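# Fold and geometry: a report
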Amino acid sequence: MKKFVTDSGIEIQRVYSLCKNEVGEPGKFPFTRGVHSEMYRSKLWTMRQYAGFSTAEESNKRYHYLLSQGVSGLSIAFDLPTQIGYDSDHELSEGEVGKVGVAIDSLEDMETLFNGIKLDEVSTSMTINSTAYILLSLYIALAKKQGADLKKLTGTIQNDILKEYAARGTYIYPPKPSMKIITDIFEYCNTEVPKWNTISISGYHIREAGSTAVQEIAFTLSNGKAYCIAAQKKGLDINQFGQRLSFFFNAHNNFFEEIAKFRAARRMWAKITLVLGATDVRAQMLRFHTQTGGSTLTAQQPKNNISRVTLQALAAVLGGTQSLHTNGYDEALSLPTEEAAKVALRTQQIIGHESGVAETVDPLAGSYFIETLTDQIEEAAWKYIQRIDEMGGSVSAIEQGFMQNEIARASYSYQQSVESKEKIIVGVNQFVEKEAIPTGLLRIDDSIRKIQSEKLAKLRAKRNNGRVQECLSRIKQAAKEESNIMPYVVEAVESYATLGEIADSLRAIYGEYQG
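None of these values were measured; they are calculated from a predicted model.

By size, the foremost hydrophobic cluster in this structure holds 133 residues, and its most contacted members are M110, F114, M126, Y133 and I502. Element by element, the count of residues in this core is highest for helix α4 (residues 132-146), at eleven residues. Beyond its immediate chain neighbours, meaning those up to four positions away, M126 contacts I76, F78, M110, L135, L136, Y139, T156, I157, Q158 and W196. By size, the runner-up hydrophobic cluster in this structure holds five residues, among which are V97, A103, I444 and I448.

Our focus in this paragraph is the packing of helix α18 (residues 465-481) against helix α20 (residues 499-510). Contact pair α18 / α20: the axes reach a minimum separation of 9 Å and the direction vectors enclose 35 degrees. For the element pair α18 and α20, the recorded crossing hand is right-handed. Together, V468, L472, I475, K476, A479 and K480 of α18 and E501, I502, S505, L506, A508, I509 and Y510 of α20 make up the contact between the two elements. Here the contact of α18 with α20 is composed, by residue class, of nine nonpolar, one polar and three charged.

What follows deals with the packing of aromatic side chains. Tallying each qualifying case throughout the model produces 22 aromatic pairs. When the ring of Y40 is compared with that of W45, the centres are 5.0 Å apart and the planes differ by 75 degrees; the resulting orientation is edge-to-face. Its relative accessible area of 10% is what places Y40 among the buried residues. Grouped by ring-pair contacts, the aromatic residues F247, F249, F262, W269 and F288 constitute a single cluster. The residue whose ring lies beneath R507 is Y86, and the NZ or CZ to ring-centre distance is 4.4 Å.

The next thing to look at is the side chain of T292. With respect to the helices, strands and loops of the structure, T292 is situated in strand β8 (residues 288-292). If we ignore the near neighbours within four places in the chain, the residues touching T292 are Y204, N250, A251, V309, Q312, A313, H325, T326 and N327.

With that settled, the discussion passes to helix α12 (residues 304-318). Across its 15 residues, α12 extends 22 Å between first and last C-alpha, which sits within 8% of the 21 Å expected from 1.5 Å per residue. Here α12 has its buried residues at N305, R308, V309, Q312, A313, A315, A316, V317 and L318. Where α12 is buried, its residues touch β7 (245-251), α10 (255-275), β8, β9 (323-325) and α13 (338-353). Downstream of α12 by one or two residues, G320 has phi in the positive range, about 90 degrees.

Moving on to the pairing of β7. Burial of β7 is extensive: seven of the seven residues sit out of reach of the surface. Of the two faces of β7, the one holding L245, F247, F249 and A251 and the one holding S246, F248 and N250 are both buried throughout. Looking at chain direction, strand β6 (residues 199-202) and β7 are connected through four bridges and run parallel. Note that in β7 the partner of S200 across the bridge is S246.

Put simply, F29 and P30 share a cis peptide bond, and its omega is 5 degrees. With respect to the helices and strands, P30 occurs in the segment before β1 (46-51). Positive phi outside glycine occurs at Y496, with the angle close to 70 degrees. Here Y496 is to be found in the loop between α19 (486-494) and α20.

Definitions and limits used
- Sequence positions are assigned chain by chain, starting from 1 and proceeding in written order.
- Under the rules for a predicted model, residues below a pLDDT of 70 receive no local features and side-chain atom pairs below 80 are neither given nor counted, while totals for whole chains, interfaces and linings still include all residues.
- Only heavy atoms go into the side-chain values, all of them from the structure, while hydrogens and water stay out.
- The definition of a nonpolar core used throughout is a set of buried Ala, Val, Leu, Ile, Met, Phe, Trp, Tyr and Cys residues joined through side-chain atoms within 4.5 Å.
- When a residue's accessible area, from a 1.4 Å probe over protein chains only, is under 20% of the maximum for its type it is buried; when over 50% it is exposed; and in between it is partly exposed.
- Secondary structure elements are defined from DSSP: runs of H or I of at least 4 residues count as helices, runs of E of at least 2 residues count as strands, and each element is numbered from the N terminus.
- We call two residues contacting when some pair of their heavy atoms lies within 4.5 Å.
- Axes here refer to lines fitted to C-alpha atoms; in helices the fit is confined to the stretch in contact. Angles between the N-to-C directions go from 0 to 180 degrees.
- By definition, any crossing whose near helix is turned counterclockwise from its far helix by less than a right angle is left-handed, and any crossing with a clockwise turn is right-handed.
- Residues are grouped as follows: Ala, Val, Leu, Ile, Met, Phe, Trp, Tyr, Cys and Pro are nonpolar; Asp, Glu, Lys and Arg are charged; every other residue, Gly included, is polar.
- Here a pair means two rings of Phe, Tyr or Trp (six-membered ring of Trp) with centres within 6.5 Å. Their orientation is stacked below 30 degrees between planes, edge-to-face above 60, and tilted elsewhere.
- Consider the ring centre and the ring normal. A charge sits over the ring if Lys NZ or Arg CZ is within 6 Å of that centre and within 35 degrees of that normal.
- Here a helix's expected span is defined as the number of its residues, less one, multiplied by 1.5 Å.
- Pairing between strands is defined by DSSP: at least two bridges between the two strands are required.

Rendered as structure tokens:
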């Protein structure tokens, strides 16, 4: 008889007839069934669409289009130079400006990016990590220029540097100063921007790098634990900063395993925060955003991706996500076209308004299979966390290469199963067709770098450069003294210091991480 297993290697029985744990009630510890008692009966999840490309002008047009189509929150993609702290005219930016996201060099670009959009009326998520402190400062500076009440600003910065070392690679500074910057953000936002989610602890990129579902939540929750401990060492109260932590997970193809994964992660985080001293239930809740699996999209027969994305989105909803991004069907080939982005959004809207799955809370609770699988995923993930704790925590485990090696092994094993056809990928290794070369794809040409460089030259010519240098000096001094850098970074962006100049000011103090 063939043996059936999940993508994490958990054996699937022919039939299930019992489950061990009492799952409790939605909105109550340990939140297995959801963080709110009513869940989607009172309010649907936030429907976000991740977008950003080319220049701030072009991205602004896409944002206005998405808002007109019913998106309830913006999610910004930044280009690679922005992510790793280089201005568009830097020599290392060549060939990458505006390609995988929007190029943001200064407050001028931020003003253009949100032209016609009131920041206190929209929730904004920014997928940015090593330069999160700069992008958040730009956002705050723009909100102040708009006359917004900073106490009302809502949104999220990803700000998760540990997964960059483990899985993604867009880091700048070594781990210790990077962790210090993150806790500076926690401290600053606690008083200045209290509704802002100061970190989105990301399993998404861990999964995209090839991890299993079990590894995704184990490594992510371990990283979350490390951030909490670092904040507590700074004297911050977990009952306060814990309420502003959010998570970011992947929704992959193994439907039931993904649902069980989300439920297990919620239960585990509640237990972790309780041990760390959280007594406020809002600091014990795992709130998360989900994106459908980018690595599952195929360039072959790309419209098949609509079906994949639908199943993944449904798994995220049945698992209790707080917000969701659905990928465009053409994203294995290019940045999503407007048509693909609309189909992706309509997929969420159909699930939310037509399927009926939002009308009851945690509809699969009590399923022998789901409850058993939730328990098994949790048990396997705790074993990983115990091993990481024995190494001294996430930072130490990353420095020893443990997470990276485990992800690499899982990725290799998965690819072997695809190549041997043990795992069928429709249109790739089975049901293959001869296809025409696709047309109408969205491409970004290299002229964007020239446009951005010309903007930078004009900006540097008209701003008060003496003022900029004073601000950069204050950032360096704060870093040397281990003071909170955030007030000085906000001051610098308001003087139109560029992203690269601010990142370089800390490179001069902290150096660069050599992975």
